[in-house]
Amino acid sequence: MRQRAARDQQRLDSGAVTSPKDLENLQHEIASLAKRQGDLEDVVLEIMERRESAQERVAELTGRVTSVQSKTDDAMARRDAATESLDSEIATATKEREVIAASVPADLLKLYDKLRAQQGGVGAARLYQRRCEGCRLELNITEVNEVKAAARDAVLRCENCRRILVRTSESGL
Ligand SMILES: [Zn+2]
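In this report, the structure presented in the accompanying data block is examined. On a predicted model such as this, the values are computed, not experimentally measured, just so you know.

1. A few points about helix α4 (residues 141–149)
Looking at α4, one finds that the buried residues are E143, V144 and V147. Down the axis, α4 shows its buried residues gathered within 100° of arc, on one side only. Projecting away from the buried face of α4 at angles above 90 degrees are the exposed residues I141 and A149. Here α4 starts with a cap whose side-chain oxygen sits 3.1 Å from the backbone nitrogen of T142, and that cap is N140.

2. Some words on the sheet that holds strand β2 (residues 131–132)
The strand order β2-β1-β4-β3 describes an open sheet built from 4 strands, whose pairing is mixed. Strands with a single pairing partner mark the edges of an open sheet, and in this sheet they are β2 and β3 (156–157). Here strand β1 (residues 124–128) pairs with β2 via 2 bridges, running antiparallel. Residue pairing across strands places L127 opposite C132, the latter belonging to β2. Sitting on the sheet, helix α3 (residues 106–118) is in contact with β1, β3 and β4 (164–167), with an inclination near 115° to β4.

3. Considerations on the nonpolar core
A general tendency of soluble globular proteins is for nonpolar side chains to be buried together. If you look at the biggest cluster of nonpolar residues, it comprises 10 residues: A125, L127, C132, L139, V144, V147, L156, C158, C161 and L165. Excluding residues within four positions of it along the chain, L156 makes contact with V147, A150, R163, I164, L165 and R167.

4. Here we look at the packing of helix α1 (residues 2–14) against helix α2 (residues 20–103)
At a closest axis distance of 10 Å, the pairing of α1 and α2 adopts a crossing angle of 155°. Classified by the angle their axes make, α1 and α2 are roughly antiparallel. Here the hand of the crossing between α1 and α2 comes out left-handed. Judged by residue contacts, R2, R4, A5, D8, Q9, R11 and L12 of α1 engage L23, L26, Q27, E29, I30, L33, Q37 and E41 from α2. Residues of the contact of α1 with α2, tallied by class, amount to 6 nonpolar, 3 polar and 6 charged.

Parameters at a glance
- Residues numbered from 1 in each chain as written.
- Predicted model: local features only at pLDDT ≥ 70, side-chain atom pairs only at ≥ 80, totals over all residues.
- Heavy atoms only, no water.
- Buried < 20%, exposed > 50% of the residue type's maximum accessible area, 1.4 Å probe, protein only.
- Helix = DSSP H or I, 4+ residues; strand = E, 2+ residues; numbered from the N terminus.
- Arc of directions from axis to C-beta.
- Polar contact = N/O pair within 3.5 Å; in protein donor to acceptor, adjacent residues only side chain to side chain.
- Pairing = 2+ DSSP bridges.
- Contact = heavy atoms within 4.5 Å.
- Axes fitted to C-alpha atoms, helices over the stretch in contact; angles between N-to-C directions.
- Core = buried A, V, L, I, M, F, W, Y, C linked by side-chain atoms within 4.5 Å.
- Parallel < 35°, antiparallel > 145°, perpendicular 65-115°, else oblique.
- Left-handed = near helix turned anticlockwise from the far one by under 90°.
- Nonpolar A, V, L, I, M, F, W, Y, C, P; charged D, E, K, R; others polar.

Below you can see the structure in the form of structure tokens.
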């Protein structure tokens, strides 16, 4: 379009066109080409502005993706570390349990394992301040007296939840 306008201008300037009507047509065409060029330049400008704003948005979103990714990586690293630490605790506890279980009489261990399966993983509970820490119920006076009278190595059970009661110096007896 620019070439065509330049060509028209050349023809006009060369003086080759002499007829007034042709001259008028040529000038008219030059003017109309100039206007069109102006319009197109406006369109190009608008497109460039939109492109710039789209690029800004891409940069912003990329930044947010990076930030979310880094938070995810961080959370996963913490999860892995926690899993590792739990695995090691489980391994230690399992070893300790094996050692302790070896020293417990077979029938008591059997009872404990049965209760543990029945009572959501807790087969024995500490008796603390006259309260069974398995079911959280306080022993009544009769039960307390029975516990007090029992031999040191007797296996005691909670009357309420049936768990094995473990006596300590804090049992409140
Ligand atoms: Zn209980």
